[in-house]
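Working through the structure, step by step
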There are 2 protein chains.
Amino acid sequence: MTAPRRVTIADVAEKANVSTAAVSKVLRKAYGVSPAMDERVRAAMAELGYRPHTAARGMRGQTYTIGMMLPDIRNPFFHEILEGLSKQLDGTDYQVLIGPGGSESASQAHIMNAMIDRRMDALILVAPLGNRRDLEETAKSVPMVVIGRHDRSPDYDAVVDDDLMGAALVVDHLVELGHRRIAHIEHKITGRNHPTTLPQSVRAEGYRQAMKRNDLGSEIDIVASTYSEEGGYLAARELLARAVRPTAIFAGADVAAIGVFNAVYEAGLRVPQDVSIVGYDNTSFAALGPISLTSVDQDGHAMGTNAARLVLERIESKRTRSVLLSTSPTLIRRRSTAPPPA
Amino acid sequence: MTAPRRVTIADVAEKANVSTAAVSKVLRKAYGVSPAMDERVRAAMAELGYRPHTAARGMRGQTYTIGMMLPDIRNPFFHEILEGLSKQLDGTDYQVLIGPGGSESASQAHIMNAMIDRRMDALILVAPLGNRRDLEETAKSVPMVVIGRHDRSPDYDAVVDDDLMGAALVVDHLVELGHRRIAHIEHKITGRNHPTTLPQSVRAEGYRQAMKRNDLGSEIDIVASTYSEEGGYLAARELLARAVRPTAIFAGADVAAIGVFNAVYEAGLRVPQDVSIVGYDNTSFAALGPISLTSVDQDGHAMGTNAARLVLERIESKRTRSVLLSTSPTLIRRRSTAPPPA
DNA sequence: TTGATTTTGTAGAGCGTTCTCCAATATTGG
DNA sequence: CCAATATTGGAGAACGCTCTACAAAATCAA
């Protein structure tokens, strides 16, 4: 614990025989630095192993830190977003730090505040709960990009997957295979009236629209549950107990689809011979041999890249007009879907 | 973007009719505050909605931020650690922020530096790569806890699962079922000579010891691969191609076990009738119905809680003697293991 | 009482940067 | 060659907090 005092800008300045202001300029690539001085300063920094003290920089300027709020660390889809983000930020001075948001609006608000208190330059929120007014409120004090919500706000940017289209891809695929009794499992948050712009609501709506478009309006069957293994399991149990049971189940998320698998096996039925199952997100385990789940792929990597770009624009180019960036999903067909039983 | 100026300590001081120093004392629960003043200040803070500016605090004191370096966000086991950590920190002023470390020693070092530059009060490193000397070097400048490595260092604390014992549990279980040809898949990092204290090395060693103890020294069969789905797949292919193939495969991690599943199915064999499979980590998908993988459970939650405790001790009680905390794993028996074919 | 001690509150100097002015010097145009 | 302009470098005041040192007031011991 012999903490050797950190090398500061003053040490560098002394070594290079210039003022601290000059060093700061070099650091910020600011105007008014001759090539000669620039080189001298850089040499001194290298020799002393100087690293800027981010907290101190944050006192006046930026912290070169971008906060990413993730409701659930494990979600492989979020990981893809992070990868896109990191790759885009690689080479810049910015660093992503992840704030574990949890599944409640309150805990998410807490971490968002914590990130603001730490003077992060921008916030990237992945599928945040909470109403739009609150989000806009925070967006007033820090550049912000929201991933996965279909709200369009003048105060922050949005990067979304076209969930309406994603749901349509699923329904059309199943209809094409010959299915008619196609059920959907939706993630329904209990309590307050949550915005209808959350991905889950849009997916459900997309399902409804696609069913109608295929003249299957009368077959619409939505079970409100949660996007979790247990949620999928319970919802599927309910569906399989119907007098006339569905021949295909479209779970709004892969995790829920796993629960559906379990319920179907438990009922002594086979996938896909008796029941077809479709997920959403194309998470890594959807591809696993024993599962092989047909799913909708959102290009998380691209979403992350785009989010990074938008955020940098806001920070560096001081853009203030908001942008909504929607990417289109694709359907990955696997072995969990097949024509319905004759 | 009408950023309303932040409420500072000075605003609070003015409102409460005291000095800024007094407010600071209240904030830090420092000595020398009368109950009356304390109350007045707190009231003012509440009324103004004051929130301390963490970066500014960091300039002189602490940042109340604990950095957690995670090599891979997705790993469900890491999520458990995080949960234990968060729960323990809940109610304190501390906040965990996650730094994505990546799978390379260089990128991990990068994020560690970034965290130090941001003046985090302590670092919790999960299964960090890099040699011990480097770790000790960083431990000199910040309180540190390493999770998952069996090194014992005077400079930082370690929280580990007893991997030696975990491997023994697996081997004993399989032997009990009647297996003799038990193979192991190890995660082997290419390149430099990595420390033998990484979990993967200890698990392999535990396997070796347990085999010998069961008089199966001649049956020891280790394939060097990686802890990943593909790694498991490739290793299993190699094992299944042996003249006399193993009746049980012990993958050092659940993800690798998934790859083993795929290879086994591909070879037209059944689990567990033809081949038994065991994983390690008891990740959430091990419990999934279609998989049902026998695995070793490390109590990630407890590890997180312990790490938090150790870190707080170092920060607040200024403990400097290092501690090594080892917890014991348990075996979760599922349907992927059964007696060998007759 | 009176001196000694404890408690309570404040002044003010940092912490390591950024950034606005300003001065000095170099360059240009006519 | 001189004024006008551009370039280069630095002084020094923030930023919002912490914390040492110290003074004033209150309490205690005898």
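These notes cover the structure that comes with them. (Residues numbered from 1 in each chain as written. Chains lettered and ligands numbered in written order. Predicted model: local features only at pLDDT ≥ 70, side-chain atom pairs only at ≥ 80, totals over all residues. Heavy atoms only, no water.)

Digging into the nonpolar core
Residues Met68, Ile124 and Ile147 of chain A together with Met68, Ile124 and Ile147 of chain B are the most contacted members of the largest nonpolar core, which totals 54 residues. Residue contacts for Ile147 of chain A: discarding those within four places in its chain leaves Ile81, Ile124, Leu125, Val126, Ala127, Pro128, Val159, Met303 and Ala307 of chain A. By size, the runner-up hydrophobic cluster in this structure holds 51 residues, among which are Ala251 and Leu293 of chain A together with Ile277 and Phe285 of chain B. (Core = buried A, V, L, I, M, F, W, Y, C linked by side-chain atoms within 4.5 Å. Buried < 20%, exposed > 50% of the residue type's maximum accessible area, 1.4 Å probe, protein only. Contact = heavy atoms within 4.5 Å.)

Details of empty space enclosed by the protein
Across all of its chains, the model carries one cavity of 30 Å³ or more by this definition. In this structure, the largest cavity spans a volume of roughly 170 Å³. If you go around the largest cavity, you meet 14 residues; those closest to its centre are Ala55, Thr65 and Arg118 of chain A together with Thr65 and Arg118 of chain B. Where the lining of the largest cavity is concerned, the elements lending two or more residues are helix 4 (54-60) of chain A together with helix 4 (54-60) of chain B. Counted by class, the lining of the largest cavity contains six nonpolar, six polar and two charged residues. (1 Å grid on protein atoms, 1.4 Å probe; cavity = no way out; pocket = protein on both sides within 12 Å on 5 of 7 lines; lining within 4 Å. Points joined across faces, edges and corners; volume = space filled by probe spheres on them. Helix = DSSP H or I, 4+ residues; strand = E, 2+ residues; numbered from the N terminus. Nonpolar A, V, L, I, M, F, W, Y, C, P; charged D, E, K, R; others polar.)

A closer look at helix 6 (residues 105-117) of chain B
Residues and elements named next belong to chain B. With 13 residues, helix 6 ought to run about 18 Å at 1.5 Å a step, and its terminal C-alpha atoms sit 18 Å apart, in line with that. Those residues of helix 6 that fall on the buried side of the exposure criterion are Gln108, Ile111, Met112, Ala114, Met115, Ile116 and Asp117. In the stretch just after helix 6, Arg119 is the one whose phi turns positive, near 60 degrees. (Expected span 1.5 Å × (residues − 1).)

Let's talk about the relation of the copies chain B and chain A
Taken as rigid bodies, chain B and chain A are interconverted by a rotation of 180 degrees and an axial shift of 0.0 Å, the fit giving an RMSD of 0.0 Å. The operation mapping one copy onto its partner corresponds to a two-fold rotation axis. A shared interface surface links the copies, since 98% of the contact residues of chain B are contact residues in chain A too. (Least-squares fit on C-alpha atoms with pLDDT ≥ 70 in both.)

Quick look at the protein's contact with DNA strand D
With respect to spatial proximity, 26 residues lie near DNA strand D, and among them Tyr31 of chain A together with Ile9, Ser24, Tyr50 and Arg57 of chain B are the closest. Contact distances for DNA strand D include 3.0 Å between a phosphate oxygen and a backbone N or O atom of Ser19 of chain A. Sorting the residues of the surface near DNA strand D by element identifies helix 2 (20-28) and helix 4 of chain A together with helix 2 (20-28) and helix 4 of chain B as the ones contributing at least two each. Across the surface near DNA strand D, the residue classes break down as 14 nonpolar, seven polar and five charged. (Near = heavy atom within 4 Å. Polar contact = N/O pair within 3.5 Å; in protein donor to acceptor, adjacent residues only side chain to side chain.)

Brief notes about the packing of helix 1 (residues 9-16) of chain B against helix 3 (residues 35-48) of chain B
Residue and element names in this part refer to chain B. The contact between helix 1 and helix 3 brings their axes to 9 Å, and the two run at 120 degrees. Judged by the inter-axis angle, helix 1 sits oblique to helix 3. When the axes of helix 1 and helix 3 are compared, the crossing they make is right-handed. For the pair helix 1 and helix 3, contact is made by Asp11, Val12, Lys15 and Ala16 and by Arg40, Val41, Ala44, Met45, Glu47 and Leu48, respectively. (Axes fitted to C-alpha atoms, helices over the stretch in contact; angles between N-to-C directions. Parallel < 35°, antiparallel > 145°, perpendicular 65-115°, else oblique. Left-handed = near helix turned anticlockwise from the far one by under 90°.)

Overview of the pattern of salt bridges
Two side chains carrying opposite charge are able to pair once their charged atoms lie near each other. Residue and element names in this part refer to chain A. Applying the stated rule across the entire model yields 38 salt bridges over all chains. For the salt bridge of Asp172 with Arg213, the shortest nitrogen-to-oxygen distance reads 3.4 Å. Here Asp172, found in helix 8 (residues 163-177), pairs with Arg213, found in helix 9 (residues 199-213); they are 41 residues apart in sequence, far enough to count as distant. Connected through shared salt-bridge partners, Asp157, Glu313, Arg314 and Arg319 make up one network. (Salt bridge = Lys/Arg side-chain N within 4 Å of Asp/Glu carboxyl O.)

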